[in-house]
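# Secondary and tertiary structure notes
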Protein chains: 2
Amino acid sequence: MTKTDIAKRVHDHTWKLDPIIRSLLDTDFYKLLMLQMIWGLYPKVDATFTLINRTTSVRLSDEISEGELREQLDHARSLRMSKKEMIWLAGNTFYGSKQIFQPDFLAWLAEFQLPEYELDRRDGQFELRFHGRWRETSMWEIPALAIINELRSRSAMKTLGPFTLDVLYARAKARTWSKVERLRKLPDLRISDFGTRRRHSFLWQRWCVEALKEGLGEALTGTSNVKLAMDTDLEALGTNAHELPMVLAAMAKDNEGLLAAPYQVLQDWNRYYGGNLLIVLPDTFGTASFLRGAPDWVADWTGFRPDSAPPIEGGEKIIEWWKDRGRDPKEKLLIFSDGLDVDTIEKSYHHFHGRVRMAFGWGTNLTNDFEGCSPIELGGLTPISIVCKVSDANGRPAVKLSDNPEKATGQPQEISRYIGIFGSEDRVSKPLRV
Amino acid sequence: MTKTDIAKRVHDHTWKLDPIIRSLLDTDFYKLLMLQMIWGLYPKVDATFTLINRTTSVRLSDEISEGELREQLDHARSLRMSKKEMIWLAGNTFYGSKQIFQPDFLAWLAEFQLPEYELDRRDGQFELRFHGRWRETSMWEIPALAIINELRSRSAMKTLGPFTLDVLYARAKARTWSKVERLRKLPDLRISDFGTRRRHSFLWQRWCVEALKEGLGEALTGTSNVKLAMDTDLEALGTNAHELPMVLAAMAKDNEGLLAAPYQVLQDWNRYYGGNLLIVLPDTFGTASFLRGAPDWVADWTGFRPDSAPPIEGGEKIIEWWKDRGRDPKEKLLIFSDGLDVDTIEKSYHHFHGRVRMAFGWGTNLTNDFEGCSPIELGGLTPISIVCKVSDANGRPAVKLSDNPEKATGQPQEISRYIGIFGSEDRVSKPLRV
């Protein structure tokens, strides 16, 4: 007897949408941590988030249909937290702490809806913006990026037949498993999935996380994706992002306030979180300036995430800085998370092994490494360097300098003003792959 | 809504058997061609087929449960030709000819059932024998081998979880596709699947054939597997095997009859088939002896399948022989089919390209190349050198000498007797992988 599930077949034929975002928890955990703080301390602040495709050679609005993009964004706006999700957020232990989220915040989150979006097309690109309260617009960053990236891979694969797709995924699985086998040789490795935003697709990210869980065992410390953490019983991981100092800096009344913004963020953070959540992200306006101006208590924090600096040089400078302040780097944590792949992970691991605690947040090269996997050449499967960044706060322009000038965002004259204040020491241009 | 097909799940739980042989057509096409000739010319001849595992280091009866083996053999015995299969055999064009099978033969085949088997265990091996009429026992060769090989791979994979299996097949698919991409670079390639007998599994063979069809297009000339040919609309390919001269030689009354047996086979064959089916398999008692004694009309046949000789040396000798007899090798066909993989195919292709027509029958390294694919080391996935050969005919011992002494079968004193008659010129020992 041929088994066809007629009901399923009919349902598939009548699909209006194959949703990319299935849940409001299909986002990075740090968004929820930051959201609670923004909700508590900056409830009236407005912040605009803007999509930026740094890979300008890829004309997104040629590759992706505006109609499909709107459908996916609208679908994401239709999502609400489910009862099960709320119970899990309230009852789960995060970073070893129970009740990390306050009841008032959770009550507010239970009603949360993604705010409206503005979408235009210009010069082959989408102009996608989210205006409104920071505590609402912030939540668009990850779903907006995931939607764009998955629509792009879906579009690239539209011409492939079932067999070609089978080979494509077989190759991608084989490649991922080879990476797992290499990483398995690093005995003290601690690594987690940070690949939500630029993933090939939700289902592929889930496969990759399952591969790491199966292959790395305890070395996999968790995933940044809240939904996948819940579904697969992994730790939800992540701390804080550039948007915090960017918004505070944008709102600063004078140069002094601007220089103080990165440390104000840490004080704010410390009102909500402790322990392993005390991770400094030092590069928003350049790590050299950050370290030079940092109060001594910053050295008491658990660790640093030297995001845009080259891992080895960046890590060495932070270690030096800890030593200068009399702290033992062996008790400190460095989290690497910028454009990692197995080569850079191995190199950093061997370089720092035994000198400092380390963790790796593996992103795009984990969840979107399909180059050469398609039996037919498909440019659309090569990941692009795309971000969704705060562009203004309370009407004032926001800036990120970064340790890599290629990653700077903001209006050029504002970038110059910030460089005048923070300096540009140690900023090294590196081409961006993702 | 979670979609579980409850009926399917219940059915799966109550499976008595996951059958390896799904149809009497799940066999090599040459068995049907030979069967018609045996049925027509040698209906009363008895022939015993015996399983021979040349890889004695692999203890089959330790790896495979005797109970499961019996269940699969019994299941194969329960099969009959279906109406659809009979209609297809009668209506399809094979090698460009309609009605290649006579109505009387088809009427007999419609009732065909695999005969009984004898199964014992000794020294870690199965003693599996099929006694009876040649026209019945002959049909066990392929299903018996396919059953043993698939039970062996099933047994090897029993400990693997769903994820590990997923990676295993992903790697095998990626590897097969890389082979397809290499073969695609040979513009005049003509290749077919000959991998039924030592396949990893039926479903995997089907995937491989579909991969070749998708990737090679016209370069894939067909498959030896009759069921797959029918299901995928490919040509069913194959001609004749060693069992024909082996049985005729065993029945020979004297040395003269023995020497004449290989040519008698060709005359018999020619009563049934013509055109591209006129392929000489010269190595049963050594190619050198065969060529030396061959009547001139043998050079009029379409081509040779130099099975056990090294492809280049073996091919060169046949080309030389054609030239000596005034035939143009460019109009002749060489079919290579012994332990091929991409390296040997490329090498033979480049060596003979433009000098002779060529075709490749790709067997075990197509349908059972899993070495290194499992995330966990599994010896049981390495193919073994296993055959199912005529051991006697009408009670007299049967012998195969082959061009490779490692492939000789028969009682030692009989092998010596045959060597005394046919000689052992050009026989070169090559280790057997499969």
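Note that this is a predicted model, so its numbers are computed, not measured. (Residues numbered from 1 in each chain as written. Chains lettered and ligands numbered in written order. Predicted model: local features only at pLDDT ≥ 70, side-chain atom pairs only at ≥ 80, totals over all residues. Heavy atoms only, no water.)

This brings us to the interface of chain B and chain A. Taken together, the 21 residues of chain B in the interface contact 21 residues of chain A. With both sides pooled, the region where chain B packs onto chain A buries about 1,700 Å², and carbon together with sulfur makes up 59% of that total. Of all residues in chain B, B:Phe163, B:Arg171 and B:Trp177 bury the most surface against chain A, accounting for 31% of the area lost on that side. Inspection of the region where chain B meets chain A yields four salt bridges. Elements with a contribution of two residues or more to the side of chain B that touches chain A: helix 1 (6-13), helix 9 (162-183) and helix 10 (202-216) of chain B. Broken down by element, the residue count for the side of chain B that touches chain A peaks at 11 residues, all from helix 9 of chain B. (Contact = heavy atoms within 4.5 Å. Buried area = accessible area lost by both parts, 1.4 Å probe. Salt bridge = Lys/Arg side-chain N within 4 Å of Asp/Glu carboxyl O. Helix = DSSP H or I, 4+ residues; strand = E, 2+ residues; numbered from the N terminus.)

Residue and element names in this part refer to chain A. Pairing in this open sheet of six strands is parallel, and the strands run 5-4-9-8-7-6 from one edge to the other. Strands with a single pairing partner mark the edges of an open sheet, and in this sheet they are strand 5 (220-223) and strand 6 (279-280). The sheet contact formed by strand 4 (residues 191-193) and strand 9 (residues 357-362) spans three bridges and is parallel. Its bridge partner being in strand 9, Ile191 is matched across the sheet by Phe360. (Pairing = 2+ DSSP bridges.)

Residue and element names in this part refer to chain A. For the coordinates displayed, the defined rule picks out eight cavities of 30 Å³ or more. Reported here for the largest cavity is a volume of approximately 120 Å³. Around the largest cavity, the lining is made up of 15 residues, and of these Pro245, Pro262, Leu281, Thr284 and Phe290 lie nearest the centre. Within the residue set of the lining of the largest cavity, elements represented by two or more residues are helix 13 (255-272) and helix 14 (287-293). The element contributing the most residues to the lining of the largest cavity is helix 13, with four residues. Its residues assigned to classes, the lining of the largest cavity shows 10 nonpolar, four polar and one charged. Of the pockets and cavities examined, the second largest cavity occupies roughly 50 Å³. (1 Å grid on protein atoms, 1.4 Å probe; cavity = no way out; pocket = protein on both sides within 12 Å on 5 of 7 lines; lining within 4 Å. Points joined across faces, edges and corners; volume = space filled by probe spheres on them. Nonpolar A, V, L, I, M, F, W, Y, C, P; charged D, E, K, R; others polar.)

All names here are of chain B. Inspection of the sheet shows strand 2 (residues 118-122) paired to strand 3 (residues 125-130) by five bridges, in the antiparallel sense. Of the residues in strand 3, the one forming a bridge with Asp120 is Glu127. Taking the residues that link successive antiparallel strands as the turn, the strand 2-strand 3 hairpin has two residues, and the phi of Asp123 there is positive, at about 50°.

On to the side chain of B:Glu85. All names here are of chain B. The residue Glu85 is located in helix 5 (residues 83-91) in this model. Despite being buried, Glu85 has no salt bridge partner; Lys227 is the closest side chain of opposite charge, sitting 5.4 Å away. If sequence neighbours within four positions are ignored, Glu85 has contacts with Ser23, Leu25, Arg80 and Met230. (Buried < 20%, exposed > 50% of the residue type's maximum accessible area, 1.4 Å probe, protein only. Lys, Arg positive; Asp, Glu negative; His and termini not counted.)

Quick look at the sheet that holds strand 5 (residues 220-223) of chain B now. All names here are of chain B. Taken in spatial order, the six strands line up as 5-4-9-8-7-6 in an open sheet, and their pairing is parallel. Of all strands in the sheet, those with a lone pairing partner are strand 5 and strand 6 (279-280), marking the two edges. Relative to strand 8 (residues 333-336), strand 7 (residues 303-304) runs parallel, the two sharing two bridges. Its bridge partner lying in strand 8, Gly303 is registered against Leu333. The strands touched by helix 15 (residues 311-324) within the sheet are strand 7 and strand 8, with strand 8 carrying the most contacts at an inclination of about 160°. (Axes fitted to C-alpha atoms, helices over the stretch in contact; angles between N-to-C directions.)

All names here are of chain A. As annotated in UniProt, the feature "modified residue: Phosphohistidine" (unreviewed entry) corresponds to His242 in the numbering used here. Structurally, the position occupied by His242 is in the loop between helix 11 (226-232) and helix 12 (243-250). Its relative accessible area of 4% is what places His242 among the buried residues. Contact partners of His242, with chain neighbours within four places excluded, come to Leu281, Asp283, Thr284, Asp307, Lys389 and Lys400. (UniProt positions renumbered as here; feature names shortened; annotations may be inferred.)

Before going further, it helps to spend a moment on the pattern of salt bridges. Residues and elements named next belong to chain B. Across all of its chains, the model carries 66 salt bridges over all chains by this definition. Among the salt bridges present, the one from Arg199 reaches Asp26, with a minimum N-O distance of 2.8 Å. Taken together, the positions of Arg199 in the loop between strand 4 (191-193) and helix 10 and Asp26 in the loop between helix 1 and helix 2 (29-41) put the pair 173 residues apart, joining distant regions of the chain. You'll find Arg199 and Asp26 in the same group, each marked buried. Between Lys158 and Glu68 there is a salt bridge, with its nearest N and O atoms 3.3 Å apart. Here Glu68 lies in helix 4 (residues 66-77) and Lys158 lies in the loop between helix 8 (141-157) and helix 9, a separation of 90 residues in the sequence.

Okay, the pairing of strand 5 of chain B next. Residues and elements named next belong to chain B. Two elements, strand 4 and strand 5, share three bridges in a ladder whose sense is parallel. Across the sheet, residue Ile191 finds its bridge partner in strand 5, namely Leu220. Where the polypeptide runs from strand 4 across helix 10 and back to strand 5, its parallel neighbour, the crossover connection is right-handed. (Right-handed = clockwise from strand over helix to strand, strands pointing away.)

Turning our eyes to something else, we now look at the relation of the copies chain B and chain A. Mapping chain B onto chain A leaves a residual RMSD of 0.0 Å; the transformation is a rotation of 180° accompanied by 0.1 Å of translation along its axis. Viewed as a symmetry operation, the transformation between the two copies matches a two-fold axis. Closest approach to the rotation axis within chain B is made by the C-alpha atom of B:Ala170, at a distance of 2.0 Å. Comparing interface residues between copies, 100% of those in chain B also lie at the interface in chain A; the contact surface is shared. (Least-squares fit on C-alpha atoms with pLDDT ≥ 70 in both.)

The next subject is helix 4 of chain B. Residue and element names in this part refer to chain B. Taking 1.5 Å as the rise per residue, helix 4 with 12 residues should run 16 Å; its terminal C-alpha atoms sit 16 Å apart, in good agreement. Of all the positions in helix 4, only Leu69, Gln72, Leu73 and Ala76 are classed as buried. Angularly, the buried residues of helix 4 cover 95° about the axis, an arc narrow enough to put them on a single face. Of the surrounding secondary structure, the elements contacted by the buried residues of helix 4 are strand 2, strand 3 and helix 8. Two to three positions downstream of the cap, the backbone nitrogen of Gly67 sits 3.2 Å from a side-chain oxygen, assigning the N-cap of helix 4 to Ser65. (Expected span 1.5 Å × (residues − 1). Arc of directions from axis to C-beta. Polar contact = N/O pair within 3.5 Å; in protein donor to acceptor, adjacent residues only side chain to side chain.)

Take the packing of helix 4 of chain B against helix 8 of chain B next. Working note: a packed helix pair is described by the angle between its axes plus the distance between those axes. All names here are of chain B. One can describe the packing of helix 4 onto helix 8 by two numbers: an axis separation of 10 Å at closest approach and a directional angle of 140°. In terms of orientation, helix 4 and helix 8 fall into the oblique class. Read as a crossing pair, helix 4 and helix 8 show a hand that is right-handed. Note on element contacts: helix 8 touches helix 4 through Ile147, Ile148, Leu151 and Arg154, opposite Glu68, Leu69, Gln72, Leu73 and Ala76. Of the residues contributing to the contact of helix 4 with helix 8, the split by class is six nonpolar, one polar and two charged. (Parallel < 35°, antiparallel > 145°, perpendicular 65-115°, else oblique. Left-handed = near helix turned anticlockwise from the far one by under 90°.)

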